[in-house]
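Chain residues, written in single-letter form:
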Amino acid sequence: MPLALLALAVGAFGIGTTEFVIMGLLPDVADDLHISIPAAGHLVSAYALGVVIGAPLLAAVTARLPRRHVLIGLMVLFVAGNALSALAPGYHSLLAARFLSGLPHGAFFGVGAVVATNLVAPDRKARAVSLMMLGLTSANVVGVPAATLMGQHLGWRLTFLAVSAIGVAAIASLALLIPHDRTHAATAGLRGELAALRSLPVWLALSTTVAGFGALFAAYSYVAPMLTGAAGYAEAGVTLLLGLFGVGATAGNLLGGRLADRSTRGTLFGGLTALVVVLTLFPLLMRAEWSAALALVLLGLTAFIAGSPLQLMVMERASTAPSLASAANQAAFNLANAGGAWIGGLALAAGFGVTSPALAGAALAVLGLAVAGAAQRVDLRRTGAVRGRERVVASHLPTAARPGTSPRATSTGDLLDEAVRTEGTAGSPGV
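The shown structure was predicted, so the numbers you read here are calculated from the model rather than taken from an experiment.

To continue, consider the overall build of the chain. Within the chain, the regular secondary structure consists of 16 helices and zero strands. Carbon together with sulfur atoms contributes 68% to the accessible area of the chain, which is approximately 18,000 Å² in total.

Below, the structure is given as structure tokens:
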């Protein structure tokens with residue numbers, strides 16, 4: 001694997017840290033700015049809104065620019081957003097700074113995934129994406145706990161300055177390690193990028209992300225009350241236990257990358273099926289401390305096995321606009337965050353018990369499997385249709401022009417390819 005993937009992972013580490021560290025610093029921010037905890041919680045929503053808006057927007061407007069320059073520019077925006085967060089004089093300015101910090105999130109992962117796959121051989125694309133995402137998952141193991149402790153003891157503003165420093169390190173790494181000649185943008189431009197999003201397979205892949213990771217966040221958003229109310233842990237031990245989730249997520253991300261290079265769809269179905277099983281067993285696993293700790297590891301492991309194959313499938317189904325589709329997948333991930341938490345909260349508010357959000361998550365994972373199955377059927381139908389047209393076009397070519405019928409087969413094979421392409425652009429569905 002090329003060293004350039006390290007630069008992408010450093011950027012992902014900074015983004016993952018700033019996304020999740022605010023959750024542990026909400027009481028400190030609320031006290032310092034003299035606002036309520038619910039008002040401070042809007043800082044989380046502002047960041048997520050920035051991700052959802054910025055992911056497709058920035059990926060689209062930078063479609064023709066060299067991807068190396070785009071990545072560096074996105075990290076400059078990231079540094080600016082976090083520095084402004086540290087210097088924000090009041091609540092509303094901090095809210096705006098958090099929104100600004102979220103804007104480059106999805107576009108960075110979207111463009112970064114395309115660059116990562118261009119740096120490696122075709123049979124290692126999923127593994128390359130997983131190594132970039134390793135920065136995000138390892139942030140939950142190292143970055144978020146360390147930044148939270150820093151914020152609690154030295155002030156939350158210093159935390160955001162430290163995250164800005166990570167962003168500066170990422171800019172230097174990108175400038176030094178990302179090669180110029182492997183990151184040229186596609187020639188489709190803005191119109192071509194937007195046109196690719198009209199594909200049904202792309203939307204089915206994005207919907208699988210929303211449902212599959214919505215299942216994760218339906219349970220994970222309420223894991224703290226599960227650990228204290230069902231498993232019997234003290235509140236002081238919750239932070240350490242959440243690190244176990246990060247360990248599982250990191251392992252699942254790496255495992256999913258390796259498996260997806262062998263079978264992308266098989267890894268996706270396997271990961272979602274395992275997630276259904278783990279979430280269904282969650283109420284039982286939360287009855288004891290040791291099994292609750294195991295449940296957190298398994299939750300991270302099974303959920304993130306599906307991460308790399310989903311990212312790769314979205315990019316492959318929008319081959320003419322991989323950057324925008326990949327960025328849109330990050331927006332879908334954040335919609336899953338918000339939607340999953342909302343659905344899990346409905347189960348909790350309905351009085352079904354402290355572990356009921358996990359069962360709501362299991363239902364979402366089943367929905368994700370159903371959408372993935374529908375996507376597979378669409379792919380098979382379109383592949384069959386294209387092969388059928390290839391046979392029809394070949395049958396209408398002169399005998400001498402058919403591949404394998406004469407010494408001219410090598411040159412006339414191009415005629416067949418051109419005929420198939422012409423047939424495909426006359427209104428046939430894409431693969």
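The next point concerns the packing of aromatic side chains. Applying the stated criterion across every chain, the model contains seven aromatic pairs. Their ring planes at 25° and their centres at 4.2 Å tell us that Tyr220 and Phe245 sit as a pair that is stacked. Pair noted here: Tyr220 is in helix 8 (residues 200-220) and Phe245 is in helix 10 (residues 238-260), with a separation of 25 residues, a long-range link.

This next bit is on the nonpolar core. Grouped together as the largest cluster of nonpolar side chains are 44 residues, with contacts concentrated most on Leu216, Leu227, Leu279, Phe282, Met286 and Leu299. Elements with a contribution of two residues or more to this core: helix 8, helix 9 (223-229), helix 10, helix 11 (264-285), helix 12 (289-305), helix 13 (307-317), helix 14 (322-349) and helix 15 (356-395). Looking at this core element by element, the count peaks at eight residues for helix 11. Excluding anything up to four places from it in sequence, Phe282 contacts Met226, Ala295, Leu299 and Ala358. In terms of nonpolar packing, the next biggest core, distinct from the first, is built from 37 residues, Ala7, Ile72, Ile178 and Met315 among them.

Phi is positive for His34, close to 60°, though the residue is something other than glycine. Turning to its location among the elements, His34 is positioned in the loop between helix 1 (4-33) and helix 2 (37-61).

Tallied over the entire structure, the rule returns three salt bridges. Linking Arg157 and Asp32 is a salt bridge whose minimum nitrogen-to-oxygen distance equals 3.7 Å. Within this pair, whereas Arg157 is found in helix 6 (residues 156-177), its partner Asp32 is found in helix 1, the two being separated by 125 residues in sequence. On the basis of relative accessibility, which here comes to 25%, the residue Arg157 falls in the partly exposed class.

Relative to the helices and strands, Asp28 is located in helix 1. Classification of Asp28 by relative accessible area gives partly exposed; the value is 24%. When the C-alpha positions of Asp28 and Gln152 are compared, they lie 7.0 Å apart, and in sequence the two are 124 residues distant. Excluding its chain neighbours within four sequence positions, the residues that come into contact with Asp28 are Gln152 and Trp156.

Between the first and last C-alpha of helix 1 there are 41 Å, a value that for 30 residues agrees with the 44 Å anticipated at 1.5 Å per step. When the local axis directions of helix 1 are compared, the greatest deviation, roughly 65°, occurs at Leu25, which is followed within four positions by the proline Pro27. Positive phi appears at His34, one or two residues downstream of helix 1, with a value of about 60°.

Let's shift gears to the confidence of the model for the chain. Atomic detail in the predicted coordinates should be set aside for any region of low pLDDT. When the pLDDT values of the chain are averaged, the result is 81; 84% of them are 70 or greater. The low-confidence segment residues 406-431, where pLDDT is below 50, has 25 contacts with residues more than four positions distant or belonging to other chains.

With that out of the way, let us pick up the side chain of Ser173. Take Ser173: it is sitting in helix 6. What makes Ser173 buried here is its relative accessible area of 18%. Those residues in contact with Ser173, other than ones at most four positions away along the chain, are Ala7, Val10 and Ile178.

Mapped onto the elements, Thr208 comes out in helix 8. Exposure remark for Thr208: the relative accessible area of 1% places this residue in the buried category. From its side chain, Thr208 meets the backbone oxygen of Leu204 in a polar contact 2.8 Å long. Discounting chain neighbours no more than four positions away, the residues touching Thr208 are Phe213, Leu268, Leu272, Leu310, Gly368, Val371 and Ala372.

So, how was this worked out
Residues numbered from 1 in each chain as written. Predicted model: local features only at pLDDT ≥ 70, side-chain atom pairs only at ≥ 80, totals over all residues. Heavy atoms only, no water. Helix = DSSP H or I, 4+ residues; strand = E, 2+ residues; numbered from the N terminus. Areas by Shrake-Rupley, 256 points an atom, 1.4 Å probe, with all protein chains shown as cover. Phe/Tyr/Trp six-rings, centres within 6.5 Å; stacked < 30°, edge-to-face > 60°. Core = buried A, V, L, I, M, F, W, Y, C linked by side-chain atoms within 4.5 Å. Buried < 20%, exposed > 50% of the residue type's maximum accessible area, 1.4 Å probe, protein only. Contact = heavy atoms within 4.5 Å. Salt bridge = Lys/Arg side-chain N within 4 Å of Asp/Glu carboxyl O. Expected span 1.5 Å × (residues − 1). Bend = angle between axes of the 7 residues up to and from the residue. pLDDT = per-residue confidence, 0-100. Polar contact = N/O pair within 3.5 Å; in protein donor to acceptor, adjacent residues only side chain to side chain.

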